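# Residue-level structure breakdown
Here are the chains, one letter per residue:
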Amino acid sequence: MTGQLLARTRLLTLVGEPGVGKSRLAAAVLAKCPGLPLHLDVGVATGRGLIRSVADLVGAAAAPGDSVLGAVAAALPAQGEAWLLLDNCEYDLGGCADLLATLLPRCPRLKVLATSREHLRLPGETVYTVTGLRAGPTDGHTPHAAERLFLDRVRTVRNDPAFAANRTDDVARVCRTLDGNPLAIELAAELARVSSPAEILTLLDDRLTALAGGRPTADARHRSLRAAIDWSYRRLSRAERSAFRQLAVLPGSFDADTAEAVVDVRSPDRTVPPTLFLLASLEAKSLLAARPGSDRRLAMTGSIRAFALDRLAESEEARGAEARLVAVMAKLALPYAEAGLLPGRSLVGLVEESANLSAAAALLEGSGDDRRVTFAVARLVGCEVAGAGPRDRAGLVETARATGAGAAGRGTGMAAVAVLAARRGDTLVALSLAEEAVELARRCCHHTLPHRLRVLASVHARAGNLDAAVRAAADGVASAGRLRDGEAELWCRSDAFGYQVGRGRLTEAAEASRPLADAAQDLAPTPALAALRHTLGALRFRQGDVTAAAALFRSGLLTDHTGPALTAWGLEGMALTAAASGGAARSLRLLHAAHTLRERAGDPPMPWWQGWLRETYIASVRALPTNRVQAEERAGAALSARQAVAWALDEDGIAATGQPPSLTSRQRQVVDLIAEGLTNQQIATRLHISVRTVETHIWHVRQQHGLRSRAHLAAWSVRQRARPDDVTVREPHLLTASGRGSRDSAPAEARPSTADGTAAP
């Protein structure tokens, strides 16, 4: 792709972090260029003068009294089309900029390829960021570029064909740990003289010490990883160094607001640039990298952060930066913790800051700080989103139970543990904890009372006591109204409405739905709106209006960042309407996709909703032959959350019904990544192609297969990859208390309401 860029521009600058392979890539590109290739290492040239070195390179000699630069400009056109590689421009950034500012206008047939840790900031310059080599996971047969480089370098130091046998995962982890950085990978390969891949992984816990054994023939700044990064660090200003060190407390990506909250740069003369300017400067110097697919979030690679942490430990800034990290992450986590594991705010912030949240929580381990509980509950929400297993959650649950916390912390922890207990069916424990959390809120934490009452209502509902659930939710409405907390009031009203639908009092539910339906017209696309639309869909379904119900469930699914429970609810709603419209196969696939999502999150459906799903499941199973049932179940269980939503929204049946149309291998890769939810920029980064190439592949596939939108393309991809005929069968296991369905149970269709507004038996 760099060759294509160079064909369209006269000045292409390859930038990237230390050791990422800029020079090697540039040399490979230059070798394929026609004309006369000229290569100048600026690091070497600075000793005898940059302009004089260029003159020697092109064979230009200035007459006495004439400009050497003028002689260079005069010599180049005579040689025809010329290609100049200026390598390592960071040694003399200003000199390179001045040189090219003169040569390019005067030499129209000159093209320049530059490498630098910082771009030149010249008019017409095209900047290409070189990132690390692609690394793992592997399929055991086709290692990625990073693994191939590692194994190739290992062969030069260790004559052992069995070195990587049965260790491909460890090799991939080594390369991922090093962010695919070629210099770091080559230095790690030196450790293979006496260490296995697993042992190298352990040594990389202190990577700057471990990766210090470079080749003596390498230039000084590439003989160790520490030296490579230190060269850039020493060229930062005082303010840039301070910001760089403090940003190391953030292990994950971050935006400008988070950086502003963490960084506190102080200067004796009080002339400190704004944090945003410092971020821009560090990014320009390749010490921060923009996260692929995002123009707002930055991050340090692992090696650069390790270096920054060492410098932070040597400074007096560590304690302050860590305290500010805890404060800003606690502010982020508090709304999620107060919701008590029930659906609440958009999860985008929690997902993006998950690594930083964990780092902040680690700083409070062993303390009596109430914020430990806040972090634990918020991270439990994150575990549900990520589908973490019970072992990952166990320590967080124990922290949430902390009895040494203050009243606010205890209430937050009790509410969260109550929700978890109710999901397990431990009703007595759940009720006791939820009621105690409510009492604590009434006594001393009034602002949390609506959230605690929501939890109590949820526990009652899971216990099958929907009347008590409605009363608790109504108390939450009143409490939120007194506090003028509009968001909490909406959630409590929506919960109460859902419990009314669940107990079959459709007339009351319909009356309660009118103001909520009106409010939904003005709501932004948030989890609250998604939950409300799903509940309205359930009401319309029970009233017999399947078309309106499907439209409501669909609109709820279109809301992003709602979390696994709300996503599963929407998929299940679409399954109900599909079955009621004669789509038994579609219903089964959606039911199993939702079931898998709930299992990963540890959040089963409410009992009243579970009953509806069981009826639909039994009816769908009875409508299909056994092999088709098993195939659809398997296909649904194999879908990720994004894939399931894309498939559910494909209502027009865009997917082909015959043999899958033929795609090129690259088109298949692009389409599969679209189905996983990646943006064009993320796909381009993953496949090491340009965004324009991605767009071209998408256009061709859509034209060839009549796919009208990106959503249809994603849905089509999912259906092609998970066709029932290609799926291994398994026993049906869904939607009964024991986890298995029964084909012998009596079928039950969606029941219309009777004249008095109650659900028909």
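Per chain, residues are indexed from 1 in the order of the written sequence. With the structure being a predicted model, the display of local features is reserved for residues of pLDDT at least 70 and the display and counting of side-chain atom pairs for 80 or more, all residues being used for whole-chain, interface and lining totals. Note that the side-chain values use all heavy atoms of the structure and ignore hydrogens as well as water.

### Quick look at helix α6 (residues 93–106)
Since the α-helix packs 3.6 residues into each turn, any two residues three or four apart lie on the same face. Over its 14 residues, α6 runs 20 Å from end to end, which matches the ideal 20 Å to within 8%, given 1.5 Å per residue. Exposed residues in this analysis have more than 50% of their type's maximum accessible area, buried residues have under 20%, and partly exposed residues fall in between, with area computed by a 1.4 Å probe over protein chains only. We count a stretch as a helix when DSSP gives it H or I for four or more residues in a row; a strand needs E for two or more, and each element gets its number in order from the N terminus. Among the residues of α6, Cys96, Ala97, Leu99, Leu100, Leu103 and Leu104 are the ones counted as buried. For a helix, the expected span equals 1.5 Å multiplied by the residue count minus one.

### Side note on the side chain of Glu125
Position of Glu125 relative to the elements: it lies in the loop between β4 (110–116) and β5 (126–129). Buried within the structure, Glu125 lacks any salt-bridge partner; Arg121 is the closest side chain of opposite charge, at an N-O distance of 7.6 Å. The definition of a polar contact used here is a pair of N or O atoms within 3.5 Å, where within protein one atom must be able to donate a hydrogen and the other to accept one, and adjacent residues in sequence count solely through side-chain atom pairs. Of note is the side chain of Glu125, whose polar atom sits 2.5 Å from the side chain of Thr13. Here Glu125 is in contact with Leu11, Thr13, His119 and Leu120, once residues within four sequence places are set aside. Charge counting follows a simple rule: Lys and Arg are positive, Asp and Glu are negative, and His as well as the terminal groups are ignored. Every case where a carboxyl oxygen of Asp or Glu lies within 4 Å of a side-chain nitrogen of Lys or Arg is listed as a salt bridge. Residues are treated as being in contact if the distance between any of their heavy atoms lies within 4.5 Å.

### Concerning the packing of helix α13 (residues 238–247) against helix α16 (residues 302–314)
One way to put it is that α13 packs onto α16 with a least axis distance of 8 Å and a crossing angle of 110 degrees. With respect to α16, the element α13 is oriented roughly perpendicular. Between α13, through Phe244, Arg245 and Gln246, and α16, the contact on the second element is made entirely by Ile304, Phe307, Ala308, Arg311 and Leu312. Amino acid classes used here: Ala, Val, Leu, Ile, Met, Phe, Trp, Tyr, Cys and Pro are nonpolar; Asp, Glu, Lys and Arg are charged; the rest, including Gly, are polar. Tallied by class, residues from the contact of α13 with α16 come to five nonpolar, one polar and two charged. Helix axes are fitted to C-alpha atoms over the stretch in contact, other axes to C-alpha atoms as well, and angles between N-to-C directions run from 0 to 180 degrees. Working rule for angles: under 35 degrees goes down as roughly parallel, over 145 as roughly antiparallel, 65 to 115 as roughly perpendicular, anything else as oblique.

### With respect to the environment of Arg297
Looking at the element boundaries, Arg297 is found in the loop between β6 (289–290) and β7 (298–299). Residue Arg297 is classed as buried on the basis of its relative accessible area, which comes to 2%. Between the C-alpha atom of Arg297 and that of Asp257, which follows or precedes it by 40 residues, the distance is 9.9 Å. Among residues more than four places away in sequence, those in contact with Arg297 are Ser253, Phe254, Asp255, Ala289, Ala290, Arg291, Glu352 and Glu353. A polar contact of 3.4 Å, which involves the side chain of Arg297, links it to the backbone oxygen of Glu352.

### Concerning unusual backbone geometry
Trans peptide bonds make up the majority, and among non-glycine residues the majority have a negative phi. Here the phi dihedral of Asp179 falls at roughly 60 degrees; this positive angle occurs in a residue that is not glycine. In this structure Asp179 comes out as partly exposed when scored by relative accessible area, which is 31%. Its identity is not glycine, yet Arg484 carries a phi of approximately 55 degrees, on the positive side. Looking at where Arg484 falls in the secondary structure, it is placed in the loop between α25 (466–483) and α26 (486–502). When its relative accessible area of 78% is taken as the criterion, Arg484 is described as exposed.

### Section: the side chain of Glu338
Among the secondary structure elements, Glu338 is positioned in helix α17 (residues 318–338). Arg452 provides the closest opposite charge to the buried, unpaired Glu338, separated from it by 5.8 Å. Apart from the residues within four sequence positions on either side, Glu338 is in contact with His447, Thr448, His451 and Arg452.

### What about the pattern of salt bridges?
Within the structure shown, the criterion is met by 32 salt bridges. A salt bridge links Glu90 to Arg117, with the nearest nitrogen and oxygen atoms 3.7 Å apart. Residue Glu90 is found in the loop between β3 (82–87) and α6, and its partner Arg117 is found in the loop between β4 and β5; the two are separated by 27 residues along the sequence. With a relative accessible area of 3%, Arg117 lands in the buried category. Of the charged contacts in the structure, one is a salt bridge between Arg454 and Asp495, with a shortest N-O distance of 2.6 Å. Of this pair, Arg454 sits in helix α24 (residues 449–462) while Asp495 sits in helix α26; the two residues are 41 residues apart in sequence, bridging distant segments of the chain. Assigned by exposure class, Arg454 and Asp495 land together as buried. Via salt bridges that share partners, Arg24, Asp152, Arg153 and Glu186 belong to a single interconnected network.

### Regarding the nonpolar core
The nonpolar core is taken to be a set of buried Ala, Val, Leu, Ile, Met, Phe, Trp, Tyr and Cys residues, with the residues joined through side-chain atoms within 4.5 Å. Judged by nonpolar contacts, the single largest core of 164 residues is most densely connected at Phe150, Leu211, Phe244, Leu247, Phe375, Tyr499 and Trp609. Once you skip the residues sitting within four places of it in the chain, Phe375 turns out to touch Val326, Met329, Ala330, Ala333, Leu357, Ala360, Ala361 and Leu364. Among the nonpolar cores identified, the runner-up in size contains 32 residues, and Val72, Leu76, Leu99 and Val112 belong to it.

### A few points about the packing of helix α29 (residues 546–557) against helix α30 (residues 564–580)
At their nearest, the axes of α29 and α30 sit 9 Å apart, and the two run at 155 degrees to each other. The angle between α29 and α30 falls in the class roughly antiparallel. In the crossing of α29 with α30, the sense of the turn from one axis to the other is left-handed. Each of Val546, Ala549, Ala550, Phe553, Arg554 and Leu557 in α29 lies in contact with α30, whose residues at this interface are Thr567, Gly570, Leu571, Gly573, Met574, Thr577 and Ala580. Grouping the amino acids of the contact of α29 with α30 by side-chain chemistry returns eight nonpolar, four polar and one charged. Crossing chirality is assigned from the near helix's rotation relative to the far helix, an anticlockwise turn below a right angle marking it left-handed and a clockwise turn marking it right-handed.

### Considerations on the packing of aromatic side chains
Any two rings among Phe, Tyr and Trp, with Trp reduced to its six-membered ring, count as a pair given centres within 6.5 Å; such a pair is stacked if its planes are under 30 degrees apart, edge-to-face if over 60, and tilted if neither. One pass over the full model with this rule turns up 11 aromatic pairs. Geometrically, the ring pair formed by Phe541 and Trp612 is tilted, given 6.2 Å between the ring centres and 35 degrees between the ring planes. With Phe541 in helix α28 (residues 527–542) and Trp612 in helix α32 (residues 607–622), this pair connects stretches of sequence that are 71 residues apart. You can call Trp612 buried: its relative accessible area is 6%. Arranged with centres 6.3 Å apart and planes meeting at 50 degrees, the rings of Phe553 and Trp609 form a pair that is tilted.

### Re the environment of Leu282
Following the sequence through the fold, Leu282 ends up in helix α15 (residues 275–284). Distance in space between the C-alpha atoms of Leu282 and Tyr233 is 9.9 Å, their sequence separation being 49 residues. Once residues within four sequence positions are removed from consideration, Leu282 is found in contact with Leu236, Glu240, Ala243, Phe244, Leu247, Leu287 and Leu288.

### Focus: the confidence of the model for the protein
Counting all residues, the mean pLDDT for the protein is 83, and 84% of those residues have values of 70 or more. Per residue, pLDDT measures the predictor's confidence, with a range of 0 to 100. Within the protein, the element-level pLDDT minimum falls on helix α21 (residues 390–400), averaging 59, and the maximum on α16, averaging 96. Below pLDDT 50 for its whole length, residues 652–661 participates in 21 contacts with residues either more than four positions away or in separate chains. Note that residues 723–761 has pLDDT below 50 and, in this model, 91 contacts with residues that lie over four places away or in other chains.

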